[in-house]
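Report on the structure
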Amino acid sequence: MTSLLLSVTTGAGSFILVIYLQMDKDVQEDEGKGEQKGRRGKVMEPREKTLLMDAEGVRRAVTRIAHEMVEKNQGTAELVLVGIRRRGVPLAERLQRKINEIENVAVPLGALDITLYRDDLTTLAEQPVILKTEVPFSITGKKVVLVDDVLYTGRTVRAALDALMDLGRPQSIQLAVLLDRGHRELPIRADYVGKNVPTSKKEMVSVCVQEIDGQDSVTIQERM
Ligand SMILES: O=P(O)(O)OC[C@H]1O[C@H](OP(=O)(O)OP(=O)(O)O)[C@H](O)[C@@H]1O
Ligand SMILES: O=c1cc[nH]c(=O)[nH]1
């Protein structure tokens, strides 16, 4: 309850007038509890997560991309997969397994850490964690498919291209991502996309994979 104190002076003297203001019942009851309320007193959840892909959706996207890769490259000759750490790596492993199911061929698989190639390396507040780059085969002359979970500004992929070029001279480089959320800052596009999702820059997309996060999902929410 909110009250208003008014000092009133009349011919009969001065007195204090107390006016009690009636508020929306649900606002009134929750007053002082520190929760964020809407105009009608309802608790607002501006950072609510929305599910964009569940485990089944992720599985279907990986299966479709594997088929598209085989189709586009007319088989698996000279094809190699390189996942960008961290979540691009388990996705690349799944694509490798799927391609094996389709073509009965185990295409070579590598993992790339792009940290030292990031264009914001010198401005990072914390000491960056450098993970291992493991590409145990020559990429020279190969059709490399880079794999990552999210494509946003394109800066991670730019760094990955530089990291790859330091390893050899591929015949071509293609890009596969589970989710493309737009807002590119560089002239980069994906050859294979699990799902295109128009987003606002205020939003954050999170990909979870079983191997790292204990479940497969893609969610979107407002940034904190
Ligand atoms: O197109 P971009 O603007 O570069 O964004 C995409 C990258 O952002 C995420 O990685 P992040 O740098 O957040 O690190 P993470 O792999 O540890 O999640 C994601 O895994 C992509 O690699
Ligand atoms: O929303 C985003 C942007 C970059 N990287 C992500 O993983 N999510």
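In this text the structure is predicted, and so the values were computed from the model without any measurement.

1. Some words on the site of ligand 1
Taken together, R86, R87, D148, D149, V150, Y152, T153, G154, R155 and T156 form the complete shell of residues around ligand 1. Here D149 contributes a side-chain N or O atom positioned 2.6 Å from an oxygen atom of ligand 1. Y152 places a polar main-chain atom, nitrogen or oxygen, 2.9 Å from an oxygen atom of ligand 1. Across the complex, the protein chains shield 67% of the 490 Å² of accessible surface that ligand 1 would expose by itself. Applying the majority rule of atoms within 2 Å of the grid points places ligand 1 in the largest pocket.

2. Observations concerning the pattern of salt bridges
A complete count under the given rule lists 16 salt bridges for this structure. The closest approach of N and O atoms between E56 and R59, which form a salt bridge, is 2.7 Å. In this pair, E56 and R59 are both assigned in helix α2 (residues 55-72), three residues apart and thus about one turn of the helix distant. On the basis of relative accessible area, E56 is assigned to the partly exposed category, the value being 32%. With a relative accessible area of 43%, R59 lands in the partly exposed category.

3. Here's the deal with helix α3 (residues 88-103)
Over its 16 residues, α3 extends 22 Å from the first C-alpha to the last, a length consistent with the 22 Å expected when each residue adds 1.5 Å. When α3 is considered as a whole, its buried residues turn out to be G88, V89, P90, L91, A92, R94, L95, Q96, K98 and I99. N104 sits one or two residues past α3 and shows a positive phi near 60°.

4. As for helix α4 (residues 155-165)
Every buried residue of α4 is accounted for by V157, A159, A160, A163 and L164. Viewed end-on, α4 has its buried residues packed into an arc of 155°, placing them on one side of the element.

5. Considering the sheet that holds strand β3 (residues 50-53)
Overall, antiparallel pairing links the three strands, which are arranged β3-β10-β9 in an open sheet. Two strands bound the open sheet, and with one partner strand each, they are β3 and β9 (203-208). Strand-to-strand twist across the sheet, computed as the mean angle between neighbouring axes with direction ignored, equals 30°. Across six bridges, the pairing between β9 and strand β10 (residues 217-222) is antiparallel. Opposite M204, over in β10, you have Q221 as the bridge partner. This element, α2, spans β3 and β10 of the sheet and lies at about 25° to β3.

6. With respect to the environment of L178
Along the polypeptide, L178 turns up in strand β7 (residues 172-180). Separated by 90 residues in the primary sequence, L178 and G88 have C-alpha atoms spaced 8.8 Å apart. Beyond its immediate chain neighbours, meaning those up to four positions away, L178 contacts M53, V58, A61, L91, D148, D149, V193, G194, K195, V207 and V218.

7. Regarding the UniProt feature "short sequence motif: PRPP-binding" (unreviewed entry) in the protein chain
UniProt marks residues 144-156 with the feature "short sequence motif: PRPP-binding" (unreviewed entry), using the numbering shown here. Helix makes up 15% of residues 144-156 and strand 62%, with an end-to-end C-alpha separation of 16 Å.

8. Quick word on the sheet that holds strand β5 (residues 109-112)
The parallel open sheet is built from five strands, whose spatial order is β5-β4-β6-β7-β8. Edge positions in the open sheet fall to β5 and β8 (192-196), since each of these has one partner strand only. Each strand axis lies, on average, 25° off the axis of its neighbour in the sheet, ignoring direction. Bridging between strand β4 (residues 79-84) and strand β6 (residues 143-151) involves five bridges; their strand directions are parallel.

Conventions adopted
Residues numbered from 1 in each chain as written. Chains lettered and ligands numbered in written order. Predicted model: local features only at pLDDT ≥ 70, side-chain atom pairs only at ≥ 80, totals over all residues. Heavy atoms only, no water. Near = heavy atom within 4 Å. Polar contact = N/O pair within 3.5 Å; in protein donor to acceptor, adjacent residues only side chain to side chain. Areas by Shrake-Rupley, 256 points an atom, 1.4 Å probe, with all protein chains shown as cover. 1 Å grid on protein atoms, 1.4 Å probe; cavity = no way out; pocket = protein on both sides within 12 Å on 5 of 7 lines; lining within 4 Å. Sits in = over half its atoms within 2 Å of the grid points. Salt bridge = Lys/Arg side-chain N within 4 Å of Asp/Glu carboxyl O. Helix = DSSP H or I, 4+ residues; strand = E, 2+ residues; numbered from the N terminus. Buried < 20%, exposed > 50% of the residue type's maximum accessible area, 1.4 Å probe, protein only. Expected span 1.5 Å × (residues − 1). Arc of directions from axis to C-beta. Pairing = 2+ DSSP bridges. Axes fitted to C-alpha atoms, helices over the stretch in contact; angles between N-to-C directions. Contact = heavy atoms within 4.5 Å. UniProt positions renumbered as here; feature names shortened; annotations may be inferred.

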